[in-house]
Amino acid sequence: MLTALAGRRSRYERGGTFDVDALAHDLLANVHFQAVGFAEADVRAALAAAAPATFPDAMRAVFAAIAAAAGKSRYGDKTPGYVARIPLLARLFPEARFVHVIRDGRDSSLSYLDRGYGPRDVAEAAIRWESRVRRGRADGRDLGPARYTELRYEDLVSDPAAALAPVCGFLGLPYAPEMLRYHERADQLLAVTRDPERFAHLAAPPTGGLRDWRTQMAAGDLALFEAIAGRTLAALGYDVVTSRPPIALRLQAVQRRLAWQRRRLAARFGR
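Calculation notes
- Throughout, a residue's number is its position along its own chain's written sequence, starting from 1.
- Selection of residues for local features in this predicted model requires a pLDDT of at least 70, selection of side-chain atom pairs for listing and counting requires 80 or more, and totals for whole chains, interfaces and linings are taken over all residues.
- Only hydrogens and water are set aside when side-chain values are computed; all heavy atoms of the structure are taken into account.
- Numbering of helices and strands runs from the N terminus; a helix is a DSSP stretch of H or I covering at least four residues, while a strand is a stretch of E covering at least two.
- Computation of the radius of gyration draws on C-alpha atoms alone. For the globule rule, the value is 2.2 Å times the number of residues to the power 0.38.
- Only protein chains enter the accessibility calculation, which uses a 1.4 Å probe; a residue whose area is less than 20% of its type maximum is buried, one above 50% is exposed, and one in between is partly exposed.
- In this analysis a 1.4 Å probe is tested at points of a 1 Å grid over the protein atoms alone, and where it fits but cannot get out there is a cavity; an open set with protein on both sides within 12 Å along at least five of seven lines is a pocket; lining residues have an atom within 4 Å of a point.
- Grid points are joined across faces, edges and corners, and a volume is the space filled by probe spheres set on the points.
- Note on residue classes: Ala, Val, Leu, Ile, Met, Phe, Trp, Tyr, Cys and Pro are nonpolar, Asp, Glu, Lys and Arg are charged, and everything else, Gly too, is polar.
- Side-chain rings of Phe, Tyr and Trp (the six-membered ring for Trp) are treated as a pair once their centres are within 6.5 Å; stacked means planes under 30 degrees apart, edge-to-face means over 60, and tilted covers the remaining angles.
- Charge-over-ring contacts are defined here by two conditions on Lys NZ or Arg CZ: a distance within 6 Å of the ring centre and an angle within 35 degrees of the ring normal.
- As used here, the term nonpolar core means buried Ala, Val, Leu, Ile, Met, Phe, Trp, Tyr and Cys residues forming a set that is joined through side-chain atoms within 4.5 Å.
- By the convention used here, residues are in contact when the closest approach between their heavy atoms is within 4.5 Å.
- N or O atoms closer than or at 3.5 Å make up a polar contact, with two conditions inside protein: a donor-capable atom paired with an acceptor-capable one, and, for residues adjacent in sequence, both atoms drawn from side chains.

A.B. asks: Hey, could you run me through the overall build of the protein in this one?
C.D. replies: Assigned secondary structure in the protein consists of 15 helices and four strands. On C-alpha atoms alone, the protein measures out to a radius of gyration of 21 Å, which is about the 18 Å that the 2.2 N^0.38 rule sets for 271 residues. Here the protein, with 271 residues, has 36% of them falling under the buried criterion.

Right, dumping it as C-alpha cells:
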C-alpha cells in the first residue's frame, strides 16, 4: 500500500501544496487499506488535523490515528512485499525500523500455494522466496543494526517470549506477556477485516508445525525447490535434503529463473 501510493507522490504534492482529497481517495480505494477497517470520516479527519505538506507526513498522520483509535502510541505495517522495498521506505520514513521475519521457504511456499494467490507453483515460490530474502538481507545490512533486525519465524513459534524480547528492545518497547495473548481477542480483530480467511489461525496462540515441508511437500516439488533455492536455505542454516540435484532438474531450475525474470521485465516495461 505505502509503496504503491508513494509512486503517485507527485499527484499529492503539487506546487508547494498537498492535495489531501486526492490522497484520501486513493487510500480509501486501496484494498489493503480497506482491510484495516478505518472509516473514511476518520481518515479525512486525521488528514485535515495534520495539514500535511508531504506524503510521508500524511501517512504518519493516518497511521497515528489508527493507532490512537486502538489505544496505542506506536504503529507498524506488516506487509510481506515491503521486504523488496526497504530502501524506498527507509528514505520516506527515516524514523522507521525494520523487522525482517525469515521463514523456511519450503514451509512458506506451502502456505502461499494453499491460499490460491501469489506464486503459481513451487518453482515460482522458490524463486520469489529466495529473491526477497536475499534482497531484504542485503538492504538491511546497508541500513545497519540500528534500523534493521531479523527474526526467525521458527524461533517465534517455538519460544515466542524469548524471540520477542530482543525485538522489543530493538524497537524501544517494553516486552509484555500480553503480546502473546492476541488470540484472546480474535473475534474483535476479525470483525474489522474484510478477509477473515487470511487470518484463519488468529484465534490460536503461537503454534508451530502448521506447515511442515518434511511431510506435506511432494518429493518432486521439494527437489525442485532445493535445486532453485538450496544454497540460500543452507546459508540460513536450514536443512537441505537434496545434496546434488540431477542435471535435468538443475536445467529446469535455470529455465524457470529465466522465465520468471522475463515476466518481471515484461511487467515492468509493459511489454
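A.B. asks: Any chance you could explain the layout of surface pockets here in plain terms?
C.D. replies: The method is simple in principle: a probe with the dimensions of a water molecule rolls over the atoms, and the space it marks as empty is what remains. Reported here for the second largest pocket is a volume of approximately 310 Å³. Residue lining of the second largest pocket: 15 residues in total, with E226, A227, G230, R231 and P245 positioned closest to the centre. No other element matches helix 14 (residues 219-235), which puts six residues into the lining of the second largest pocket. Of the residues contributing to the lining of the second largest pocket, the split by class is five nonpolar, three polar and seven charged.

A.B. asks: Help me understand the packing of aromatic side chains in this model?
C.D. replies: When we look at a pair of aromatic rings, we describe it by the centre distance and by the angle of the planes. The full count for this structure, using the stated rule, is four aromatic pairs. Here Y12 and F18 contribute two aromatic rings whose centre-to-centre distance is 6.3 Å and whose plane-to-plane angle is 40 degrees, an arrangement assigned as tilted. Look at Y12 and you get buried, because its relative accessible area is 0%. Using a relative accessible area of 13% as the deciding quantity, one classes F18 as buried. Taking the centre distance of 6.0 Å and the plane angle of 45 degrees together, the rings of W129 and F225 count as tilted. Pair noted here: W129 is in helix 9 (residues 122-143) and F225 is in helix 14, with a separation of 96 residues, a long-range link. Accessibility assignment for this pair places W129 and F225 in one class, buried. Taken together, the ring pairs in this structure connect Y12, F18 and F55 into an aromatic cluster. Sitting over the face of the ring of W213, R106 holds its NZ or CZ atom 3.8 Å from the ring centroid.

A.B. asks: When you look at the nonpolar core in this model, what are you seeing that I'm missing?
C.D. replies: Within soluble globular proteins, side chains that are nonpolar tend to cluster in buried spots. Counting 31 residues, the largest nonpolar core has M1, L2, L5, L23, L27, F55 and M59 as the members making the most contacts within it. Elements represented by at least two residues in this core include exactly helix 1 (2-6), helix 3 (20-29), helix 5 (40-50), helix 6 (55-69) and helix 7 (86-92). Among the elements that make up this core, the one with the highest residue count is helix 6 (six residues). The residues touching L2, leaving out its near neighbours within four places in the chain, are F55, M59, F63, D77, Y82, L89 and F93. Grouped together as the second largest cluster of nonpolar side chains are 22 residues, I127, M217, I228 and W260 included.

A.B. asks: Quick question: what am I supposed to make of the side chain of R106 here?
C.D. replies: On the secondary structure map, R106 appears in helix 8 (residues 105-115). Side-chain polar atoms of R106 contact the backbone oxygen of D239, separated by 2.7 Å. When near neighbours in sequence (up to four residues on either side) are disregarded, R106 contacts W213, M217, L222, F225, E226, L233, Y238, D239 and V240.

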